[in-house]
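# Per-entry structural report
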Amino acid sequence: MDNPKVKVINLTKKFGDLLVLDDVSFEVAEKEFMCVVGPTGCGKTTFLNSLTKLYLPTSGEILVNGEPVDMKKNNISYIFQEQSTMPWLTVEENVGFGLAIKGVDAKAKREAVDEVLEIVGLNDYRKYYPNELSASMLQRVVIARAFATKPELLLMDEPYGQLDIELRFKLEDELIKLWQRTQTTVLFITHNIEEAVYLSEKILVLTNKPTKIKKIIDNHLPRPRNVVDPEFIKLRNEVTELIKWW
Amino acid sequence: MIDNTRRSRKHGARAAVISIFVFLLIWQAATTFTSLGILMPSPLISLSAFFKSFIVPIGPYPIFIHIYWSLVRVVPFYIVGAIAGIILGITMGWYKPVAAIFRPIFEILRPIPPIAWIPIAIVWFGIGEGSKWFLIFLAAFMNVTINSFAGARSTDPVLVGCSKMLGASDWQIFTTVVLPGSVPYIFAGLQVALSSSWATIVAAEMIRSSEGVGWIIISSQETNNSVNTLVGVVAIGIVGFILAVIMREVEAVLVKWTKRDI
């Protein structure tokens, strides 16, 4: 890769004596959608938290655009597992929150908010407060908020882990739409293999603790993808085999 | 959903009317048929005295002037105490060094009821209005501080993390996450503080006064006029209730995002 968006070099993280990440190196290309899968408890969240410097890595380096990652300078967005809308803001204010923080002027903010609200289908709910919305709508608000700031890198940590399967499918399609429209680089963590195969351009398979990279798989299945397509199932099985720890 | 709340509100109002009516009925029966009648006036006598006091003055003024005087003492210093309490409570809740300095002192002062300060208040502020203002201030300040503190402390770390990630500075986190997140707690504190300040007025007017609802009670005690005592009690109760309702409405308008039902 000539100019990777993100370059992770020999990333290692220890909590005391506990080795969680063991010498992890990989690259994410610009505008790529990469999924990270691994067995439960393999340190996927630690992995993301190290990327955002919520945890300082024990050793190794993370470069964004060839320079050490800096949350103040790089526009990196993070979508948590937990629901994280501000209960005192309406849907549109929530979506515009990141832009307001960054001091974007009112007109540009309005346009950006309109655009993402349209894509996630929450236009009719823009004046609602979070306590009036369902869990899936709230997650849409959070995702819309992240995309509204046009992040150069979007980190997602099992954002749909709490949702039922039908909603998940729907939101996954929306996510793909947003990603295609905004050309954002996405790093998406999940323990759901089907989800990873459905969404990604590239799948990063992690091992059990201490976490290493087992394999990086290119995923060039045509879109829109079909979960019962034999090619899809073949890839899914391949990833499942890699993840098996039983 | 709206229909439901409307219906339940209607039910609530009906239940309130019935419960008050039954209470008055029992009181009436007790004073008519038992020896309690010798010790205290019946609700009929008390309530008619209350309504009469709007025309016939108690001491120098009719009842509404007394109420006015008490409100003039309570409201401004309730507001001053509340503002001071919000500022101290929130900064104490969010900034650890502020808590380290003020919290120990505050925790020792907090359990002391405002009326315990009366002798000192008189020494510091004299027997005029100053000492009354001081007591009202204390009553408001203590309650609002502790609630604002709890509000800032309960700030959701996920929301802080997410505004940090969106690039918020420390000051922006304080103003856009900590402050709005504390608002429901602050209002809970304002509500408690309002009743507490209003209740303190009786004690404050005990210091020395020639008007006010507290004065009605003190002076009726001196003249053994238990009807007037009850007129004062009813006035305090009704005004306190109205203040609480006003406060709740203010909250409903300002804080649309949370529906608390108390």
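The structure displayed is predicted, hence computed values, not measured ones.

This next bit is on the domain arrangement of chain A. Residues and elements named next belong to chain A. Under the domain assignment, chain A is made up of domain 1 (1-74 + 152-246) and domain 2 (83-150). Relative to domain 2, the C-alpha centre of domain 1 lies at a distance of 25 Å. Between domain 1 and domain 2, the contact holds 17 residues from the first and 12 residues from the second. Here domain 1 and domain 2 share an interface that buries about 1300 Å² over both sides, 72% of which is from carbon and sulfur atoms.

A few words on the sheet that holds strand S1 (residues 6-15) of chain A. Residues and elements named next belong to chain A. An order of S2-S1-S4-S5 is seen for the four strands of this open sheet, with the pairing classed as antiparallel. Of all strands in the sheet, those with a lone pairing partner are strand S2 (18-28) and strand S5 (67-68), marking the two edges. The pairing of S1 with S2 spans seven bridges and is classified as antiparallel. Residue pairing for S2: Leu 11 is matched across the bridge by Val 24. The strands that helix H1 (residues 44-51) touches are S1, S2 and strand S4 (59-64); relative to S2, the one it contacts most, it runs at about 60°.

Time to look at unusual backbone geometry. Residue and element names in this part refer to chain A. Of note, the bond from Arg 223 into Pro 224 is cis; its omega dihedral lies within 30 degrees of zero at -5°. One non-glycine residue, Lys 31, lies in the positive phi region at around 65°. Within the fold, Lys 31 resides in the loop between S2 and strand S3 (33-37).

Residue and element names in this part refer to chain A. As enumerated under the stated definition, the model contains 23 salt bridges over all chains in all. In this structure, Glu 92 engages Arg 126 in a salt bridge whose closest nitrogen and oxygen atoms are separated by 3.0 Å. One end of the pair, Glu 92, is in helix H2 (residues 91-95); the other, Arg 126, is in the loop between helix H4 (106-120) and helix H5 (135-148), and 34 residues separate them in sequence. Here Glu 92 matches Arg 126 in class, with each residue buried. The partner of Glu 172 in a salt bridge is Arg 168, and the shortest N-O contact between them spans 3.2 Å. Taken together, the residues span about one helical turn, with Glu 172 and Arg 168 both in helix H6 (residues 165-182) at a distance of four residues.

Calculation rules
- Residues numbered from 1 in each chain as written.
- Chains lettered and ligands numbered in written order.
- Predicted model: local features only at pLDDT ≥ 70, side-chain atom pairs only at ≥ 80, totals over all residues.
- Heavy atoms only, no water.
- Domains from an automatic or database assignment.
- Contact = heavy atoms within 4.5 Å.
- Buried area = accessible area lost by both parts, 1.4 Å probe.
- Pairing = 2+ DSSP bridges.
- Helix = DSSP H or I, 4+ residues; strand = E, 2+ residues; numbered from the N terminus.
- Axes fitted to C-alpha atoms, helices over the stretch in contact; angles between N-to-C directions.
- Salt bridge = Lys/Arg side-chain N within 4 Å of Asp/Glu carboxyl O.
- Buried < 20%, exposed > 50% of the residue type's maximum accessible area, 1.4 Å probe, protein only.

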